[in-house]
Amino acid sequence: GARGAADMKPLAELDATPILGVLTDIDDTLTTDGLLTGEAYDALWSLRAAGLLLVGVTGRPAGWGEVLARQWPVEGIVTENGAVTVYREGTSVHRVESCPEGERRSRRARLAQLVETVREKVPEARMSDDVELRRSDVTWDIGERMKLPDDRVASIVAEIVRAGARWTRSSVHLHATFDGADKASGVVAFLCDRLAEDAGRALARWAFVGDSGNDAACFAAFDTTIGVANVRASLASLPVGPRFVTTAERGAGFAELAATLAGLRAQRQSSATHRTS
């Protein structure tokens, strides 16, 4: 059955033995009120220093991914909820998507039509301010600069479904897309194609940390899943909750996870040194 609040274990019970890397959501997991705090940014580097690999997995646009992949200590950024991945190689960045250019144009035209329909039916809804940087989806702001009431969000969802598109909801945005990817399928494809992982082993060897509805696919797919404490607000909308939960929220919760993982790794290395010396 689904894991609820009572089933989530504290980080103290985490066994990091098989973990090769960390897959992290960005909004309200790594960031706090939209900002990457010094503590959370340091946590990314401390995970890297501990020998763990990092991949960002976000609903944010491919355009953001191109900046973050250049500047953060990550193997890549899986953006737009799995549809477009960006990674750095030397001084250049590469964008990978499975949708061919002709089909992408046709999907974008259908999305533009959907935006017009929503504008008529739910006139008070606003597009997110990052929508111009997107390739595979369109997004409405439901909790970032404005709070859209749940019944109006439901009205937009009804239009998305009527158009034959898929929807996902994060803590800040409502997404519509004609692509089939989700965060889990997008990130597993990246790990296999770029890091030569085996799909089954990837699910066992990578830990996922997130906080909201669009993290559902990853919470269900990966063996080791962690919610930052604010995940509790989204548990009702998650078919499967995370296995572990931090005590702190947002970026502070991510930093707590990083310290735990780095500490467990250091312990394991020192015990291995004792055994061999």
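Everything below is about the structure printed above this text.
Residues numbered from 1 in each chain as written. Predicted model: local features only at pLDDT ≥ 70, side-chain atom pairs only at ≥ 80, totals over all residues. Heavy atoms only, no water.

Novice: Got a minute to help me understand the pattern of salt bridges in this structure?
Specialist: Think of it this way: side chains of opposite charge can pair up when their charged atoms draw near. Counted according to the given criterion, the structure contains 26 salt bridges. A salt bridge links Asp25 to Lys183, with the nearest nitrogen and oxygen atoms 2.9 Å apart. Taken together, the residues span a long stretch of sequence, with Asp25 in the loop between strand E2 (21-24) and helix H1 (38-49) and Lys183 in helix H5 (residues 183-195) at a distance of 158 residues. Lys183 matches Asp25 in its accessibility class, with the two residues each being buried. (Salt bridge = Lys/Arg side-chain N within 4 Å of Asp/Glu carboxyl O. Helix = DSSP H or I, 4+ residues; strand = E, 2+ residues; numbered from the N terminus. Buried < 20%, exposed > 50% of the residue type's maximum accessible area, 1.4 Å probe, protein only.)

Novice: Hey, could you run me through helix H8 (residues 250-276) in this one?
Specialist: Residues that lie three or four places apart on an α-helix share one face, since the helix turns once every 3.6 residues. If you check H8, its first and last C-alpha atoms are 39 Å apart, about what 27 residues at 1.5 Å a residue would give, namely 39 Å. Those residues of H8 that fall on the buried side of the exposure criterion are Gly251, Gly253, Phe254, Ala255, Leu257, Ala258, Leu261 and Arg265. Here the buried face of H8 lies against E2, H1, strand E11 (206-210) and strand E12 (224-227). (Expected span 1.5 Å × (residues − 1). Contact = heavy atoms within 4.5 Å.)

Novice: Can you help me understand the sheet that holds E12 in this one?
Specialist: Hydrogen bonds along the backbone pair up the strands of a sheet, which may run parallel or antiparallel. Here we have 9 strands laid out as an open sheet, ordered E1-E13-E12-E11-E2-E3-E4-E5-E6, and mixed in their pairing. Looking at the sheet topology across the chains shown, the edges are occupied by strand E1 (9-10) and strand E6 (92-97). Across 4 bridges, the pairing between E2 and E11 is parallel. The residue bridging Gly21 from the neighbouring strand is Trp206, located in E11. (Pairing = 2+ DSSP bridges.)

Novice: Honestly, H5 in this entry has me stumped. Any pointers?
Specialist: When the terminal C-alpha atoms of H5 are compared, their 17 Å separation across 13 residues agrees well with the 18 Å that a helix rising 1.5 Å per residue should span. Residue Asp182 occupies the N-cap position of H5, its side-chain oxygen lying 3.0 Å from the main-chain nitrogen of Ala184. Ala196 sits one or two residues past H5 and shows a positive phi near 55°. (Polar contact = N/O pair within 3.5 Å; in protein donor to acceptor, adjacent residues only side chain to side chain.)

Novice: Would you explain the packing of aromatic side chains in this entry?
Specialist: Geometry of an aromatic ring pair is reported as the spacing of the ring centres plus the angle between the planes. By the definition in use, this model includes 3 aromatic pairs. Considering the side-chain rings of Tyr41 and Trp45, the 6.4 Å spacing of their centres and the 80° angle between planes classify their relative orientation as edge-to-face. Linking Tyr41 with Trp45, this pair stays in helix H1, spanning 4 residues, or about one helical turn. What makes Tyr41 partly exposed here is its relative accessible area of 28%. On the accessibility criterion, Trp45 (42% relative accessible area) is partly exposed. Relative to Phe190, the ring of Tyr87 lies with its centre 6.3 Å away and its plane at 40°, an arrangement referred to as tilted. Separated by 103 residues along the polypeptide, Tyr87 in strand E5 (residues 84-89) and Phe190 in helix H5 bring together distant segments of the chain. Both residues of the pair, Tyr87 and Phe190, belong to the buried class. Positioned over the ring face of Phe178 is Arg110, at 3.8 Å from the centre of the ring. (Phe/Tyr/Trp six-rings, centres within 6.5 Å; stacked < 30°, edge-to-face > 60°. Lys NZ or Arg CZ within 6 Å of the ring centre and 35° of its normal.)

Novice: Teacher, can you tell me more about the state of the cysteines here?
Specialist: Working definition of a disulfide: a covalent bond connecting the sulfur atoms of two cysteines. One pass over the structure, following the stated rule, counts 0 disulfides. Just so you know, Cys218 is unpaired, no disulfide at all, and the nearest cysteine sulfur is the one on Cys192, 13 Å from it. (Disulfide = S-S within 2.5 Å.)

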